[in-house]
Amino acid sequence: MPSPRYWREIPARYRLEAGRCRKCGKVTFPARRVCPACRGTEWEKTFLSWKGKVVTSTVVQVAPTEFQMEAPYAVAVVETPEGARLMTQVVDCEPESVQPGMEVSLVFRRIRKEGAGGILCYGFKGVPAA
Amino acid sequence: MREVAIVAAGMTRFGELWESSLRDLFAEAALEALAAARADHLDSIYVGCMSAGQFVGQEHLGPLMADQIGMAGVAATHVESACASGGVALRSAFLDVASGMSDLVLAAGVEKMNDGADVTAVLASAADQETEAYHGITFPGLYAMIARAHMQAKGTTEEDLAWVAVKNHRHGALNPKAQFGREVKLEEVLCSSVVSDPLRLLHCSPVTDGAAAVLLCPLEHAKRYTDRPVKIRASGLATSTMALADRKDPAALDAVKLSGERAYRMAGVKPGDIQVAEVHDCFAIAEICCIEALGLTEPCAGRHAARSGLTALGGKIPVNTSGGLKAKGHPVGATGVAQAIEIFEQLRGEAGARQVKGARLGLAQNMGGSGASSVVHIFEGV
């Protein structure tokens with residue numbers, strides 16, 4: 001991933017920066033230009049809580065090349081208290097224990113090593129809530 | 001709008017076709033369709049293909065394919081909608097003929113997946129790159145999350161999923177063009193390796209090379225090319241959110257429901273009128289979600305349909321008589337057109353051992369990504 005493309009995503013991936021629609025109040029993550037709920041275009045910057053609840057999940061056994069060293073790993077759709085949903089790995093536990101309804105904390109982690117140079121890419125992952 | 005018919009079809013065998021290139025596959029299917037209609041010209045060509053650019057480094061498929069069948073000069077367009085590329089190519093051809101712009105149009109689909117690309121990574125490019133693929137999710141992973149949500153909401157079990165594979169392999173065993181023309185036992189499915197929990201290898205469609213092509217013209221010209229045209233009664237295309245996380249109910253495929261409703265309305269028919277259907281069973285859970293979304297079963301009864309025989313050959317509404325993506329194979333860009341060909345043959349009474357007796361009205365549903373796009377066509381034998 002060329003660096004400008006990576007750099008543009010940093011606010012969302014490092015800080016959970018999201019958008020709150022000024023018209024209908026929906027919180028969208030990552031922020032975007034048009035509100036998917038009401039098509040509003042006026043936004044207020046907001047940040048997601050570093051926690052949420054698993055909506056659905058899986059354990060990836062057959063992984064893409066860049067993630068093969070990590071398989072098997074759990075991936076989940078997590079809903080934060082703001083009502084935004086995001087996809088994330090859930091780690092620091094048995095992958096099979098990650099099930100719908102589980103409470104997770106979101107933490108800052110390395111996500112992948114990229115390309116022949118092994119450039120490190122960061123973001124958030126879920127861990128079992130304390 | 002003019003009434004539109006399919007008058008001829010051509011299709012390669014599906015499988016790991018080491019001796020055929022992307023262009024060979026396309027040419028074989030296209031030339032078979034042209035020969036069947038004794039057609040010596042075309043007004044336009046639509047080539048459905050998900051990602052020749054990533055699979056074999058080839059873009060610009062419109063002119064390439066027109067040139068390969070000796071038709072350089074003809075209007076030709078590459079159509080992409082991930083795994084729904086073939087179905088959307090068919091829709092584009094339908095609109096072209098229906099509008100009166102063109103009189104003889106080839107709708108084709110092709111994919112060459114076995115030439116060394118990182119298939120899992122290429123397919124993952126049909127997901128949201130920034131919010132899904134970045135975190136290591138795969139396509140089996142996305143459908144596994146749909147499956148787990150479906151299990152939570154509707155009590156679907158691993159065995160229900162396995163029955164879809166057993167049924168589709170039974171159908172595929174009757175299809176000489178299928179990649180896996182053999183049956184599988186329930187126990188084999190349930191013991192196959194886990195790809196992405198709860199989906200096992202035999203819940204998943206394979207990696208496939210193949211091409212399919214159909215020839216379209218106005219219904220009023222159809223007799224020039226065939227005695228048994230099949231009319232396209234309707235075409236419905238819909239989208240949903242790109243990311244699975246953005247769907248209120250991950251187990252409901254909104255785009256499939258919407259595309260079905262649009263097609264039923266256009267055709268003026270109800271789900272209960274459909275006598276044979278091909279639906280997008282890229283993973284076993286997808287067939288269950290799709291038959292529910294299309295109204296072919298009650299909203300919570302999809303999980304029982306394969307086991308009870310409702311959707312098997314001989315059942316009330318046979319689904320995926322070709323073997324589906326599971327057994328016939330899934331060369332992603334070709335799939336939508338291949339589905340239409342199965343219905344075309346069924347409605348002409350040419351499906352051999354897979355024939356649904358007296359079928360006159362059929363449906364094909366083709367889907368892209370984790371259900372972010374879906375296209376439905378309804379066909380009638382005339």
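In this text the structure is predicted, and so the values were computed from the model without any measurement.

Enquirer: Explain the overall build of chain B to me, please; I cannot follow it from the model alone.
Expert: Helices and strands together make up the secondary structure of chain B, namely 13 helices and 11 strands. Relative to the 2.2 N^0.38 estimate, which gives 21 Å for 382 residues, the radius of gyration of chain B is 19 Å and therefore close to what a compact globule would have. Along the longest, intermediate and shortest principal axes, the C-alpha atoms of chain B span 55 × 45 × 35 Å. Here chain B holds 382 residues, and the buried ones make up 64% of them.

Enquirer: So what exactly am I meant to see when it comes to the interface of chain B and chain A here?
Expert: Interface size is commonly expressed as the accessible area that is lost once the parts come together. The interface is formed by 28 residues belonging to chain B together with 25 residues belonging to chain A. For the side of chain B that touches chain A, the elements supplying multiple residues, two or more each, are helix 5 (119–124), helix 6 (139–154) and strand 5 (194–197) of chain B. In terms of residues, the side of chain B that touches chain A owes the most to one element, helix 6 of chain B, which gives seven residues. Considering only residue class, the side of chain B that touches chain A consists of 13 nonpolar, nine polar and six charged. As paired strands, strand 4 (residues 51–60) of chain A and strand 5 of chain B are joined by two bridges and run antiparallel to one another. Bridge pairing in strand 5 of chain B places Val59(A) opposite Asp197(B).

Enquirer: Explanation requested: the sheet that holds strand 2 (residues 44–48) of chain B in the structure shown.
Expert: Neighbouring strands of a sheet are bound in pairs by backbone hydrogen bonds; such pairs are parallel or else antiparallel. Residue and element names in this part refer to chain B. If you trace the nine strands from one edge of the open sheet to the other, you get 3-2-4-7-1-8-11-10-9, paired in mixed fashion. Either end of the sheet is taken by a strand with one partner, and the two such strands are strand 3 (75–79) and strand 9 (276–278). For this sheet, the mean inter-axis angle between neighbouring strands, taken without regard to orientation, is 25°. Two elements, strand 2 and strand 3, share five bridges in a ladder whose sense is parallel. Paired with isoleucine 45 across the bridge in strand 3 is alanine 76. Against the sheet, helix 9 (residues 254–267) contacts strand 8 (230–239), strand 10 (361–368) and strand 11 (373–381), and its axis sits at roughly 145° relative to strand 8. Running at roughly 170° to strand 10, helix 13 (residues 335–347) makes contact with strand 1 (4–11), strand 2, strand 4 (105–111), strand 7 (210–218), strand 8, strand 9, strand 10 and strand 11 of the sheet.

Enquirer: Any chance you could explain the environment of Met266(B) here in plain terms?
Expert: All names here are of chain B. Within the secondary structure, methionine 266 sits in helix 9. In this structure, the C-alpha to C-alpha distance between methionine 266 and leucine 201, residues 65 residues apart in sequence, is 38 Å. In this structure, methionine 266 is in contact with Ala234 and Gly236, ignoring residues within four places of it in sequence.

Enquirer: Just to check I follow, could you spell out the confidence of the model for chain B for this structure?
Expert: Detailed reading of the predicted coordinates is not advisable wherever pLDDT falls low. When pLDDT is averaged along chain B, the result is 98, and 100% of the positions lie at 70 or above. Two numbers describe this predicted complex: its pTM, 0.98, and its ipTM, 0.97.

Enquirer: What is the right way to look at the packing of helix 4 (residues 85–98) of chain B against helix 13 of chain B in this model?
Expert: Any two packed helices are characterised by how steeply their axes cross, that is the angle between the axes, and by the distance between the axes. Residue and element names in this part refer to chain B. One can describe the packing of helix 4 onto helix 13 by two numbers: an axis separation of 5 Å at closest approach and a directional angle of 70°. Judged by the angle between their axes, helix 4 and helix 13 are roughly perpendicular. When helix 4 is examined against helix 13, the residues Ser85, Gly86, Gly87, Val88, Ala89 and Leu90 are found in contact with a partner set consisting of Thr335, Gly336, Val337 and Ala340. Partitioning the contact of helix 4 with helix 13 into residue classes produces five nonpolar, five polar and no charged.

Enquirer: What am I meant to see in the domain arrangement of chain B here?
Expert: Residues and elements named next belong to chain B. The assigned domain composition of chain B is domain 1 (4–118 + 208–230) and domain 2 (131–204 + 232–381). A straight line from the C-alpha centre of domain 1 to that of domain 2 covers 22 Å. The partner domain 2 presents 34 residues to the 38 residues of domain 1 that form the contact. Elements with a minimum of two residues in the side of domain 1 that touches domain 2: strand 1, helix 4, strand 4 and strand 7. Here the side of domain 1 that touches domain 2 is composed, by residue class, of 24 nonpolar, nine polar and five charged.

Enquirer: I'm lost on helix 7 (residues 158–172) of chain B in this one. Help?
Expert: Since one α-helical turn is 3.6 residues long, residues separated by three or four positions face the same way. All names here are of chain B. In a regular helix each residue adds 1.5 Å, so 15 residues correspond to 21 Å; helix 7 covers 21 Å between its end C-alpha atoms and thus fits that length. Burial runs high along helix 7: 12 of the 15 residues are buried. Taken as a whole, helix 7 has its buried residues at Asp160, Leu161, Ala162, Trp163, Val164, Ala165, Val166, Lys167, Asn168, His169, His171 and Gly172. In this fold, the buried residues of helix 7 make contact with helix 6, helix 8 (186–191), helix 10 (284–293), helix 11 (305–308) and helix 12 (324–328).

Enquirer: Looking at this structure, I do not really get the nonpolar core. What am I missing?
Expert: If you look at soluble globular proteins, the nonpolar side chains tend to sit buried side by side. Residue and element names in this part refer to chain B. With 170 residues, the main nonpolar core has Ala107, Ala108, Ala213, Val214, Leu215, Leu216 and Val337 as its most contacted residues. Two domains share this core, each providing at least three of its residues, namely domain 1 (4–118 + 208–230) and domain 2 (131–204 + 232–381). Other than its neighbours up to four places away in sequence, alanine 108 contacts Phe26, Ala29, Ala30, Ile45, Tyr46, Val47, Gly48, Ala89, Ala211, Ala212, Ala213 and Val337.

Enquirer: Would you explain the environment of Gly210(B) in this entry?
Expert: Residue and element names in this part refer to chain B. Along the chain, glycine 210 falls in strand 7. Placed 101 residues apart in sequence, glycine 210 and glycine 109 show a C-alpha to C-alpha distance of 8.4 Å. Beyond its immediate chain neighbours, meaning those up to four positions away, glycine 210 contacts Thr12, Phe14, Leu25, Glu111, Gly329, Pro331 and Ala334.

Enquirer: I tried to follow the sheet that holds strand 1 (residues 17–21) of chain A on my own but got confused; where do I start?
Expert: All names here are of chain A. Pairing in this open sheet of three strands is antiparallel, and the strands run 2-1-3 from one edge to the other. Looking at the sheet topology across the chains shown, the edges are occupied by strand 2 (27–28) and strand 3 (43–47). Here strand 1 pairs with strand 2 via two bridges, running antiparallel. In the sheet register, arginine 20 faces strand 2, and the bridge partner there is valine 27.

Enquirer: Would you take a moment to explain unusual backbone geometry for this structure?
Expert: Excluding glycine, a negative phi dihedral is what most residues carry, and trans is how most peptide bonds are arranged. Geometrically, the link from Phe29(A) to Pro30(A) is a cis peptide bond, its omega value of -10° lying close to zero. Relative to the assigned elements, Pro30(A) resides in the loop between strand 2 and strand 3. One non-glycine residue, Arg39(A), lies in the positive phi region at around 65°. Here Arg39(A) lies in the loop between strand 2 and strand 3. In this structure, Ala82(B) is a non-glycine residue whose phi angle is positive, near 50°. Relative to the helices and strands, Ala82(B) is located in the loop between strand 3 and helix 4. On the basis of neighbour count, Ala82(B) is assigned to the buried category, with 21 C-beta atoms found within 10 Å.

Enquirer: Would you explain the packing of helix 7 of chain B against helix 10 of chain B in this entry?
Expert: All names here are of chain B. Interaxial distance between helix 7 and helix 10 falls to 8 Å at its minimum, and their mutual angle equals 95°. Considering their axes alone, helix 7 and helix 10 lie roughly perpendicular with respect to each other. Only Ala284, Ile285, Glu287 and Ile288 of helix 10 make contact with helix 7, whose side of the interface consists of Asp160, Leu161, Val164 and Ala165. Grouping the amino acids of the contact of helix 7 with helix 10 by side-chain chemistry returns six nonpolar, no polar and two charged.

Procedures and definitions
- Residues numbered from 1 in each chain as written.
- Chains lettered and ligands numbered in written order.
- Predicted model: local features only at pLDDT ≥ 70, side-chain atom pairs only at ≥ 80, totals over all residues.
- Helix = DSSP H or I, 4+ residues; strand = E, 2+ residues; numbered from the N terminus.
- Rg over C-alpha atoms; globule rule 2.2 N^0.38 Å.
- Buried ≥ 20, exposed ≤ 12 C-beta atoms within 10 Å, placed from the backbone.
- Contact = placed C-beta atoms within 7 Å.
- Nonpolar A, V, L, I, M, F, W, Y, C, P; charged D, E, K, R; others polar.
- Pairing = 2+ DSSP bridges.
- Axes fitted to C-alpha atoms, helices over the stretch in contact; angles between N-to-C directions.
- pLDDT = per-residue confidence, 0-100.
- Parallel < 35°, antiparallel > 145°, perpendicular 65-115°, else oblique.
- Domains from an automatic or database assignment.
- Expected span 1.5 Å × (residues − 1).
- Core = buried A, V, L, I, M, F, W, Y, C linked by C-beta atoms within 7 Å.

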